[in-house]
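An overview of the molecular structure
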Amino acid sequence: MKRVVPLVVSMMLMSACSPNANTLVAAEQPKSAVESKAGVSLNDISGHWAESDIKAIVVAGYVDGYPDGSFKPDHTVTRAEFITMTAKAAGVKPVPGGDNKEWYAPYVAALVQAGIHQYKDFSSGDWNTPITRMEMARLAVRASDKSLQSPEDSTDAKKFMFLATQKGLITGMADGQLGKDESATRAQSVKIIQRILDVSQGKKLEVDKRAASYAEVELTGSNVQTMWGSHVVDLPYKMPLENTKATVKVHQILIMDLKEEDGAFRSMFNGEIERVDGKPVGKDSYLVALKIDVKNETGGELNYSLWGQLLPDLGAKRVNILNANGNGEVDKRFYLPIIDSTAGWYLLVTPKENAENDLKKYGFVYLRLLENNGATIEIGKKG
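Residues numbered from 1 in each chain as written. Predicted model: local features only at pLDDT ≥ 70, side-chain atom pairs only at ≥ 80, totals over all residues. Heavy atoms only, no water.

1. Section: helix α1 (residues 51–60)
- Residues of α1 that are buried: Asp53, Ile54, Ile57 and Val58. When α1 is viewed along its axis, its buried side chains cluster within an angular range of 125 degrees and face the same direction.
- In this fold, the buried residues of α1 make contact with α6 (186–200).
- Backbone geometry just downstream of α1 places glycine 61 in the positive-phi region, at approximately 85 degrees. (Buried < 20%, exposed > 50% of the residue type's maximum accessible area, 1.4 Å probe, protein only. Helix = DSSP H or I, 4+ residues; strand = E, 2+ residues; numbered from the N terminus. Arc of directions from axis to C-beta. Contact = heavy atoms within 4.5 Å.)

Quick look at the structure:
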């Protein structure tokens with residue numbers, strides 16, 4: 001048997017509480033610009049990946065360099081600094097007045113009034129705290145989507161990161177991971193501001209599919225929308241079995257392009273993958289992985305099998321099951337000992353053209369499973 005070695009992917013979640021804005025202490029005011037906006041000649045950005053964006057944003061007056069002629073692109077940026085940049089890029093006018101007399105206060109008030117920022121967004125720290133990529137994503141999404149610019153908006157952090165990646169406002173780190181709790185750098189913040197401006201001008205941004213996949217799985221349990229533009233049942237999903245004394249649940253559905261060896265989740269299945277019929281798996285295919293657990297309710301032994309296909313007329317192949325007996329071996333059944341449970345990855349390979357034809361014909365990709373006691377389970381659905 002071929003082997004597939006699964007890795008564990010850990011997803012960090014971030015949430016926000018609701019402190020009063022006055023509990024955040026004052027931030028240091030940025031240094032004044034060292035050159036005129038007409039001619040930018042910063043001494044530490046030559047060859048930097050964000051060089052052109054830094055120059056453009058400095059010229060526009062949204063951010064300044066330092067008195068020594070540097071920009072310090074890889075230094076962190078504070079919440080106060082990014083709030084100010086966002087307000088300027090969004091074209092909102094500073095709102096003077098109020099008890100807070102700090103330099104950034106009019107910009108904070110302006111974004112709150114515009115519905116782009118809520119005082120509860122920062123649950124700890126102060127205005128001089130480096131802004132995280134999650135906090136930056138939330139501001140960028142609201143600044144780019146008027147439907148979310150409301151004091152009553154209660155969109156959670158996972159949804160904001162998903163929207164930010166789907167819109168191309170946020171891309172992944174070097175390994176594609178989201179880095180939600182990582183402190184953002186000045187270069188990254190400038191890049192986000194440029195993307196906010198691009199969206200406001202009607203430009204379509206390039207989407208990082210790896211980052212979008214990670215964000216979608218964290219939000220919904222599946223990356224089907226990112227990879228296929230399709231939808232599946234809400235997860236976790238309990239299969240409707242009539243003649244099997246077992247509880248079978250699907251917790252995640254991952255779609256991977258087998259040509260993209262560095263794609264999202266691909267390293268989880270970095271061994272050789274074998275079709276049940278023994279034929280080789282083509283690179284112009286998608287690997288579909290369903291994370292399933294089975295609980296035996298027979299009181300005895302249960303020999304349980306599943307087969308899968310994406311509609312018979314599309315020529316999709318039966319699936320393999322990974323790790324049915326805990327040793328990473330590809331198998332085509334779950335075997336459950338007396339009153340026990342097991343979990344593993346249920347693997348399906350389908351040619352890309354099949355999924356593409358399905359989308360054209362039906363508007364979504366059918367994902368149909370058949371079990372050995374006669375049940376047919378539809379997992380794909382219309383949006």
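What follows continues from the structure just given.
2. Regarding the environment of glutamate 353
- Mapped onto the elements of the fold, glutamate 353 is located in helix α9 (residues 352–362).
- Spatially, the C-alpha atom of glutamate 353 lies 8.2 Å from that of serine 285, the residues being 68 residues apart in sequence.

3. Some points on the pattern of salt bridges
- Throughout the structure, instances matching the rule amount to 15 salt bridges.
- For the salt bridge of aspartate 68 with lysine 72, the shortest nitrogen-to-oxygen distance reads 3.4 Å.
- A residue is classified by how much of its surface remains accessible, and lysine 72, at 23% relative accessible area, is partly exposed.
- One salt bridge connects lysine 259 with aspartate 284, and the closest N-O pair in it is separated by 2.8 Å. Of this pair, lysine 259 sits in the loop between β3 (246–257) and β4 (285–296) while aspartate 284 sits in the loop between β3 and β4, placing them 25 residues apart in sequence. (Salt bridge = Lys/Arg side-chain N within 4 Å of Asp/Glu carboxyl O.)

4. Things to note about the packing of helix α2 (residues 79–90) against α6
- Where α2 meets α6, the axes come as close as 10 Å, and the angle between the chain directions of the two elements is 20 degrees. Comparing their axes, α6 and α2 come out roughly parallel. Here the hand of the crossing between α2 and α6 comes out right-handed. Counting all contacts with α2, which are made through Phe82, Met85, Thr86 and Ala89, the residues of α6 involved are Ser189, Ile192, Ile193 and Leu197.
- Its residues assigned to classes, the contact of α2 with α6 comprises six nonpolar, two polar and no charged. (Axes fitted to C-alpha atoms, helices over the stretch in contact; angles between N-to-C directions. Parallel < 35°, antiparallel > 145°, perpendicular 65-115°, else oblique. Left-handed = near helix turned anticlockwise from the far one by under 90°. Nonpolar A, V, L, I, M, F, W, Y, C, P; charged D, E, K, R; others polar.)

5. Digging into the nonpolar core
- Core analysis: the largest hydrophobic core is formed by 67 residues, its most contacted members being Ile193, Leu254 and Phe269.
- When residues of this core are assigned to their parent elements, the largest contribution, seven residues, is made by helix α4 (residues 133–144).
- Counting 29 residues, the second largest nonpolar core, distinct from the first, contains Val232, Tyr237, Leu241 and Ile377. (Core = buried A, V, L, I, M, F, W, Y, C linked by side-chain atoms within 4.5 Å.)

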